[in-house]
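What the coordinates show
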Amino acid sequence: MSGASSRPGGRPTLADVAERAGVSPGTASLALRGAAGPSAASVERVRAAASALGYRADRTASRLAARRTRLLGVTLTIRNTFHAELAEALQDAAEDAGYQVLLHPVTARRGEAGAVEVLLDSRCEALLLLGSELPSSQLAALDAHDPVVLVGRRAPGLDVVRADEAAGTALVVEHLAELGHTRLAHVSGGGSEVAHERRDGFLAAARSRGLDPLVVEGSFSEDAGAAAVAEVLAAGATGVFAANDRVAVGLLDAVRGAGPREGAALSVVGYDDSPLARLGHVRLTSVSQDPAALAAAAVRTAVERLDGGREDPVDVVLAPHLVVRGSTGRP
């Protein structure tokens, strides 16, 4: 018998394994799944044949035959290191629940809507959207057909898993104020809902302490942090809250390039406690959202809809905490 696939240039099939082992495809399938039925000798022959041919089971075909794919579709921004960390935690949580994760990046060429379309075409049973910026009406339309879980953003009538933004920004202001900073600035993340929540939380916390805070409009990017430096320094701010860690790193890089005097004058706090914050030359004080807890809650929320039949939307709010490192100190 030939050791190659019966399809020229194709991957070995179950039929190839069965032919090589001298059994029926049904027996080969039972043997490879460890199911009862085949004799020990048949199981040994089938496994040897599969190994010799380099056969791997087609999981997609198996899912389609069962009419369940058990796939959770996840959109993410690759340049956002917090999203990357969260995606890894989602994979672990999904496996624990008997599901797999299919990732699709949101890029300039294929925006979030395009990424969602690919995931749905791949028969994902639910969508877990990280930091989604789709309109609420579009999200509601998606959820009407397949469960949608928003991670890090709220929308009416949808399942949400998020950190308490007001609590997180209050931790930032409290930390900077206790260090002695009285002139605080915030470099915002732009026009998204999450950016507005962090901006509003910062303003409320600062004003509750009798402070006159400054807001520099920006976006969730390193360039926005770098562009804000001149305005922050000109305003005499000594404590800066960046909308996320990418903004904070851009700000720190620009400040350090401006000279040691300017760099020493600023205390900078980020948000997400991403791998960027933990780099030895960055050592960024940052608000942690606990990606493992977020991921576990997001997967659990999706599975409750898929397997438990839950219909009413839930809003799962987790408490953040501040991780203090070397980017903050007394003015």
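Each remark here, short or long, concerns the structure printed above.
Residues numbered from 1 in each chain as written. Predicted model: local features only at pLDDT ≥ 70, side-chain atom pairs only at ≥ 80, totals over all residues. Heavy atoms only, no water.

1. Concerning the side chain of D245
Summarising the element assignment, D245 is placed in helix α11 (residues 245–258). No salt bridge is formed by the buried D245; its nearest oppositely charged neighbour, R325, is found at 6.6 Å. Separated by 2.9 Å, the side chain of D245 and the backbone nitrogen of Y271 make a polar contact. For D245, the side chain forms a polar contact with the side chain of S286, separated by 2.7 Å. (Helix = DSSP H or I, 4+ residues; strand = E, 2+ residues; numbered from the N terminus. Buried < 20%, exposed > 50% of the residue type's maximum accessible area, 1.4 Å probe, protein only. Lys, Arg positive; Asp, Glu negative; His and termini not counted. Salt bridge = Lys/Arg side-chain N within 4 Å of Asp/Glu carboxyl O. Polar contact = N/O pair within 3.5 Å; in protein donor to acceptor, adjacent residues only side chain to side chain.)

2. Structural notes on helix α9 (residues 193–208)
The terminal C-alpha atoms of α9, which comprises 16 residues, lie 22 Å apart, in line with the 22 Å expected from a rise of 1.5 Å per residue. For α9, the full list of buried residues reads V194, A195, E197, R198, G201, F202, L203, A205 and A206. The elements touched by buried residues of α9 are α8 (165–179), β6 (184–187), β7 (214–216), β8 (239–242) and β9 (267–272). Trailing α9 by a residue or two, G210 shows a phi angle of about 75 degrees, which is positive. (Expected span 1.5 Å × (residues − 1). Contact = heavy atoms within 4.5 Å.)

3. Notes on the pattern of salt bridges
Evaluation of the coordinates by the stated rule reveals 19 salt bridges. With a closest N to O distance of 3.0 Å, D315 and R162 form a salt bridge. Of the two residues, D315 sits in strand β11 (residues 315–318) while R162 sits in strand β5 (residues 159–163), which places them 153 residues apart along the sequence. With a relative accessible area of 11%, R162 lands in the buried category. Measuring nitrogen to oxygen at the nearest pair gives 3.1 Å for the salt bridge that ties R246 to E222.

4. As for the sheet that holds β5
The sheet built from six strands is open, its strands ordered β2-β1-β3-β4-β5-β11 with parallel pairing. Of all strands in the sheet, those bounded by a partner on one side alone are β2 (100–105) and β11. Taking each pair of neighbouring strands and ignoring which way they run, the sheet shows an average axis angle of 20 degrees. Here strand β1 (residues 71–76) pairs with strand β3 (residues 126–130) via four bridges, running parallel. If you follow G73 over to β3, its bridge partner there is L127. (Pairing = 2+ DSSP bridges. Axes fitted to C-alpha atoms, helices over the stretch in contact; angles between N-to-C directions.)

5. Thoughts on the layout of surface pockets
As a volume, the largest pocket reaches approximately 640 Å³. Along its surface, the largest pocket is lined by 30 residues, and N80, H83, G131, E133 and F220 are the ones closest to its centre. Secondary-structure elements contributing two or more residues to the lining of the largest pocket are β1, α5 (81–96), α9 and α10 (222–234). Grouping the amino acids of the lining of the largest pocket by side-chain chemistry returns nine nonpolar, eleven polar and ten charged. Mapped onto the domain boundaries, the lining of the largest pocket takes at least three residues apiece from domain 2 (69–163 + 291–317) and domain 3 (165–289). (1 Å grid on protein atoms, 1.4 Å probe; cavity = no way out; pocket = protein on both sides within 12 Å on 5 of 7 lines; lining within 4 Å. Points joined across faces, edges and corners; volume = space filled by probe spheres on them. Nonpolar A, V, L, I, M, F, W, Y, C, P; charged D, E, K, R; others polar. Domains from an automatic or database assignment.)

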